[in-house]
Amino acid sequence: MDKSFLQLVGLDFYNTTDFEQKNIVLRNGNAAIIWIHKDNGHGILDKQYWPKEILANYYEEKYRSEYSGNVDGSNFESDSHFNLYHKINKKQFDHIKPYLTNSTKYLEIGPSFGGIISQVIDNGVHECHGIEPNKFDAEYVTNKHDNVTIYNSKIEDTDLPTKYYDIITSFEVLEHMVSVKSYLNTCFNALAEDGDIVIEVPNHNDVLLDYYKSPTYKKFYYHNAHIHYFTAKSLTNICHVYGFKGECETLQIYPFFNHVNWCINDKPQSSAESAIHTPIPTKGINLIEKSINEFYKKVESEYDQLINDFKIGGELIFKGKKYD
C-alpha cells in the first residue's frame, strides 16, 4: 500500500501506517490481501485482486454473470430477481419509508431490478430517479414504471441536478465503488440542504464472520467485486469526512435458519430462495400447526432483534444529513 492507492480509493485522509495487511481467501478460492484500518476496522481489497474492468464497464453486464444468487452459478432474470427478493426489499424499504411523502424528490443509486424503488413509487412518491449501469435492469425498471427516470450510466458519468433531491439512497452499492470520495461528493452535491442520505453496505462485523465457528463463511464473505469492507465506525467516519453526520444501525437480511445452516453445515444454501426465506414447517391447518409456524416466525424476529441490538447484523445502514 502507498499514498497513491489511498488517493485512488478516496481515503487519502488516512495514512498508510494506519493500515495493516490481512491475508484472506476470496469466494472464488483465490488467496488475496486486504488492508485493515487498525482503529476502525475498515477493509480495502488490494488492487491486484480487483476485476480488470472495474474502472470501465464491469457493472454494465459482466458483474451479474459472475455473481449469481445460486450456488451452481445459474443466473436470474430481472423479473425473477424482483419477485424473489421482495421480502428483503420490504425490510430495506421500511428504513426509508418515514422519509417519504408524495412530494419527495427521490434518488436511488444502483436500484438494480427496482425492488425498492418500486415500493417507493407504490408509497405515492411521484418523482423517482435512479442511476443503474446494468442495461438490462435499467430497461426493466423503466418499462415497469411510467413515472420513473433511470439513468443507464455510472454515477460519475451522470449529470445530476445540484441540491435537488430530498433523499438519496443506495443499497449494496458503495462497497463496489473504487472511490468513496467521488461517490459521496456526488451525493453531497445532489442532495438538498436539509435532505437525507441512507446508505446500506455489508457489515465487516457481520455476526457470521466475527462470531460463528464457520471456516467456510470466512472464505465466502470476501469477493473481488467488493473493494471496501465497512464497519459502523468506519462508515460513520468516512461519511463525516465528506460532509455527512449521522449514525449506523444494522439490518439482518438472511434469517435465523440460514445462520443455523451455516452453523450445522458450514456451507451456503443451494439457492437464494432457500437462503432468504424462513421455512414454513407445517400446512397451518389446525391450531397445533399454526402455532408451530408462528413459533418459527417468532424465533426469526427475536434473533433479528438480538443481532441488531449488538450491531452485528449482515448489513450496515447509515442515516445522515449534511452538516455545516
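The preceding data block contains the structure.
Residues numbered from 1 in each chain as written. Predicted model: local features only at pLDDT ≥ 70, side-chain atom pairs only at ≥ 80, totals over all residues. Heavy atoms only, no water.

**Comments concerning the overall build of the protein chain**
Applied cut-off: Runs of H or I in DSSP of at least four residues are treated as helices and runs of E of at least two as strands, each being numbered from the N terminus. Both definitions apply: the radius of gyration is a C-alpha atom measure, and the globule rule equals 2.2 Å times residues to the power 0.38. Burial classes follow relative accessibility: with a 1.4 Å probe on protein chains only, a residue under 20% of its type's maximum area counts as buried, one over 50% as exposed, and anything between as partly exposed. Whether two residues are in contact is decided by their heavy atoms: any pair within 4.5 Å suffices. Residue burial considers only the protein chains on display, and all accessible areas are found by Shrake-Rupley using a 1.4 Å probe. None of His or the chain ends enter the tally, which takes Lys and Arg as positive and Asp and Glu as negative. In plain terms, the charge of a residue is placed at NZ if it is Lys, CZ if Arg, CG if Asp and CD if Glu.
The number of helices and strands found in the protein chain is 13 helices and eleven strands. The C-alpha atoms of the protein chain give 20 Å as radius of gyration, which agrees with the globular expectation for 324 residues (20 Å, within 12%). Overall size of the protein chain, expressed as C-alpha extent along the three principal axes, is 60 × 50 × 35 Å. Considering the protein chain as a whole, with its 324 residues, one finds that 52% of them fall into the buried category. Considering only intrachain contacts with a sequence separation of at least 6, the fraction spanning at least 24 residues in the protein chain is 68%. Working note: accessible area of the protein chain is about 15,400 Å², and carbon and sulfur atoms make up 50% of it. Between the mean site of the 32 positive side-chain charges and the mean site of the 45 negative ones, the protein chain shows a separation of 4 Å.

**Remarks on helix α7 (residues 180-190)**
Stated formally: Here, the arc refers to the directions that run from the helix axis to the C-beta atoms.
Listing the buried residues of α7 in full gives V180, Y183, L184, T186, C187 and A190. Along the long axis of α7, the arc covered by the buried residues comes to 155°, so they all point the same way. Of the surrounding elements, those touching the buried residues of α7 are β4 (105-109), β7 (165-171), β8 (191-202), β9 (228-229), α10 (232-241) and β10 (244-251).

**A closer look at the sheet that holds strand β11 (residues 315-322)**
Definition in use: When DSSP locates at least two bridges between a pair of strands, those strands are taken to pair. Angles shown run from 0 to 180 degrees and are taken between the N-to-C directions of axes, each axis being a line fitted to C-alpha atoms and, for helices, limited to the stretch in contact.
Read across the sheet, seven strands follow the order β6-β5-β4-β7-β8-β11-β10 without closing on themselves; strand pairing throughout is mixed. Only two strands of the sheet have a single partner each, and these edge strands are β6 (148-151) and β10. Ignoring which end each strand starts from, the neighbouring axes of this sheet average 15° apart.

**Focus: the packing of aromatic side chains**
Put simply, the rule reads: For this analysis, a ring pair means two rings from Phe, Tyr or Trp (six-membered ring only for Trp) whose centres lie within 6.5 Å, classed as stacked if their planes differ by under 30 degrees, edge-to-face if by over 60, and tilted for the remaining angles. The rule is short: NZ of Lys or CZ of Arg within 6 Å of the ring centre and within 35 degrees of the ring normal puts a charge over the ring.
Under the criterion given, the structure shown has 18 aromatic pairs. One aromatic cluster in this structure is built from Y217, F220, Y221, Y222, Y229 and W262. Its guanidinium or amino end placed over the ring of Y164, K105 lies 5.4 Å from that ring's centre, counting from NZ or CZ. Positioned above the aromatic ring of F82 is the side chain of K144, whose terminal nitrogen or guanidinium carbon lies 4.2 Å from the ring centre.

**Quick word on the pattern of salt bridges**
Going by this rule: For this analysis, a salt bridge means a side-chain nitrogen from Lys or Arg found within 4 Å of a carboxyl oxygen belonging to Asp or Glu.
This model, assessed by the stated rule, comprises eleven salt bridges. Measuring nitrogen to oxygen at the nearest pair gives 2.8 Å for the salt bridge that ties K90 to D94. Here K90 and its partner D94 are both found in helix α4 (residues 86-96), four residues apart, which amounts to about one turn of the helix. K90 sits in the partly exposed class, given a relative accessible area of 37%. Residue class for D94 comes out partly exposed when judged on its relative accessible area of 35%. We note a salt bridge from E294 to K297, for which the minimum N-O separation is 3.5 Å. Of this pair, E294 and K297 both sit in helix α13 (residues 287-309), three residues apart, which is roughly one turn of that helix. Given the relative accessible area of 46%, E294 is considered partly exposed. Here the salt bridges do not stand alone but share partners, grouping K163, E193 and K322 into one network.

**A word on the sheet that holds strand β1 (residues 19-25)**
Taken in spatial order, the four strands line up as β1-β2-β3-β9 in an open sheet, and their pairing is antiparallel. At either margin of the open sheet sits one strand with a lone partner, and together these are β1 and β9.

**With respect to the nonpolar core**
Short version of the rule: Only buried residues count toward a nonpolar core, which is a set of Ala, Val, Leu, Ile, Met, Phe, Trp, Tyr and Cys residues joined through side-chain atoms within 4.5 Å.
Of all hydrophobic cores here, the largest spans 63 residues; its most connected members are L45, I109, L174, Y183 and L235. Leave out the neighbours within four places in its chain, and L45 touches F5, I24, L26, A32, I33, I34, W50, H223, N224, H226, I227 and Y229. Of all hydrophobic cores here, the second largest spans 28 residues; its members include F93, V125, V198 and I253.

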